[in-house]
Amino acid sequence: MAWGLLGIGAAFGVALLLFGARSPMLVAVGMYLPFDTSSAIFVGGLIKWIVDRISQERSAEDKLQIEEKGTLLASGLIAGEAIVGILLAVVFLAGMPAIGTFGFYPAWGGWLSLIGFAAIGYVLIRIPLGQVSDLPSNPRQ
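The rules behind these values
- Residues numbered from 1 in each chain as written.
- Predicted model: local features only at pLDDT ≥ 70, side-chain atom pairs only at ≥ 80, totals over all residues.
- Heavy atoms only, no water.
- Helix = DSSP H or I, 4+ residues; strand = E, 2+ residues; numbered from the N terminus.
- Rg over C-alpha atoms; globule rule 2.2 N^0.38 Å.
- Buried < 20%, exposed > 50% of the residue type's maximum accessible area, 1.4 Å probe, protein only.
- Contact = heavy atoms within 4.5 Å.
- Areas by Shrake-Rupley, 256 points an atom, 1.4 Å probe, with all protein chains shown as cover.
- Lys, Arg positive; Asp, Glu negative; His and termini not counted.
- Charge placed at Lys NZ, Arg CZ, Asp CG, Glu CD.
- Core = buried A, V, L, I, M, F, W, Y, C linked by side-chain atoms within 4.5 Å.
- Axes fitted to C-alpha atoms, helices over the stretch in contact; angles between N-to-C directions.
- Left-handed = near helix turned anticlockwise from the far one by under 90°.
- Nonpolar A, V, L, I, M, F, W, Y, C, P; charged D, E, K, R; others polar.
- Salt bridge = Lys/Arg side-chain N within 4 Å of Asp/Glu carboxyl O.

A.B. asks: I'm lost on the overall build of the protein chain in this one. Help?
C.D. replies: The helix and strand inventory of the protein chain stands at five helices and zero strands. Overall, the protein chain shows an N-to-C arrangement of helices and strands of α-α-α-α-α. Its C-alpha atoms give the protein chain a radius of gyration of 21 Å, more than 25% over the compact-globule value 14 Å for 141 residues. Along the longest, intermediate and shortest principal axes, the C-alpha atoms of the protein chain span 60 × 55 × 30 Å. Counting over 141 residues, the protein chain shows a buried share of 11%. In the protein chain, the share of contacts with a sequence separation of at least 24, taken over all contacts with a separation of at least 6, comes to 72%. In the structure as shown, the protein chain presents an accessible area of about 11500 Å², 72% of it carried by carbon and sulfur atoms. Charge centroids of the protein chain, computed over 8 positive and 9 negative side chains, lie 5 Å from each other.

Take a look at the structure:
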């Protein structure tokens, strides 16, 4: 066990608490996760910030509905990704051949992934905000 590194990490955590860091766990998680994962977490926080800024003039009830719909949508995407990962593992372990390969993927795969990521971000902003604005402010009306 690398006790020196553990001691340094504990001292760093205590220092964050003493300096009044708002979220020391976010710093700690960001230190050990790879950049791919931590950048996705950052983009998720950015999307949340955008939705909060857009909905700041709405009533507290609308804000709560927007947050609940966004959380439900994001949770569904996370669960869907987990299910697809399990299915891909089953396909791999079963030794099934790949359905097909795409010749354009080496050159364009990264850009296509970025477009898909931007589309998911748009959906995570638009769907919660769009559905709530169509609802009446008083559900009993």
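A.B. asks: Teacher, can you tell me more about the nonpolar core here?
C.D. replies: Within soluble globular proteins, side chains that are nonpolar tend to cluster in buried spots. Membership of the largest hydrophobic core is limited to six residues, which are Ile47, Val51, Ile66, Leu124, Ile125 and Leu129. The leading source of residues in this core is helix H5 (residues 105–133), at three residues. Setting aside anything within four residues of it in sequence, one finds Leu124 in contact with Ile47, Val51, Gly70, Leu73, Ala74 and Leu77.

A.B. asks: Can you help me understand the packing of helix H1 (residues 3–18) against helix H2 (residues 24–32) in this one?
C.D. replies: Two packed helices can be described by the angle between their axes and the distance between those axes. Packing of H1 against H2 leaves a shortest axis separation of 10 Å and a crossing angle of 150°. In this structure, H1 meets H2 at a crossing whose hand is right-handed. The segment H1 lies against H2, with Phe12, Leu16 and Leu17 engaging Pro24, Val27 and Met31. Residue composition of the contact of H1 with H2, grouped by class: six nonpolar, no polar and no charged.

A.B. asks: Can you walk me through the environment of Gly45 in this structure?
C.D. replies: If you trace the backbone, Gly45 turns up in helix H3 (residues 35–54). Relative accessible area serves as the criterion here: at 38%, Gly45 is assigned to the partly exposed category.

A.B. asks: Please clarify how the pattern of salt bridges should be interpreted in this entry.
C.D. replies: Oppositely charged side chains may form a pair once their charged atoms are brought near each other. With the rule as written, the count across this model stands at two salt bridges. Residue Asp52 is joined to Lys48 by a salt bridge in which the shortest nitrogen-to-oxygen separation is 2.9 Å. With Asp52 and Lys48 both in helix H3 and four residues apart, this pair spans about one turn of that helix. Take Asp52: its relative accessible area is 36%, and that puts it in the partly exposed class. Here Lys48 falls in the partly exposed class, since its relative accessible area comes to 37%. The structure contains a network of salt bridges with shared partners spanning Lys48, Asp52 and Glu67.

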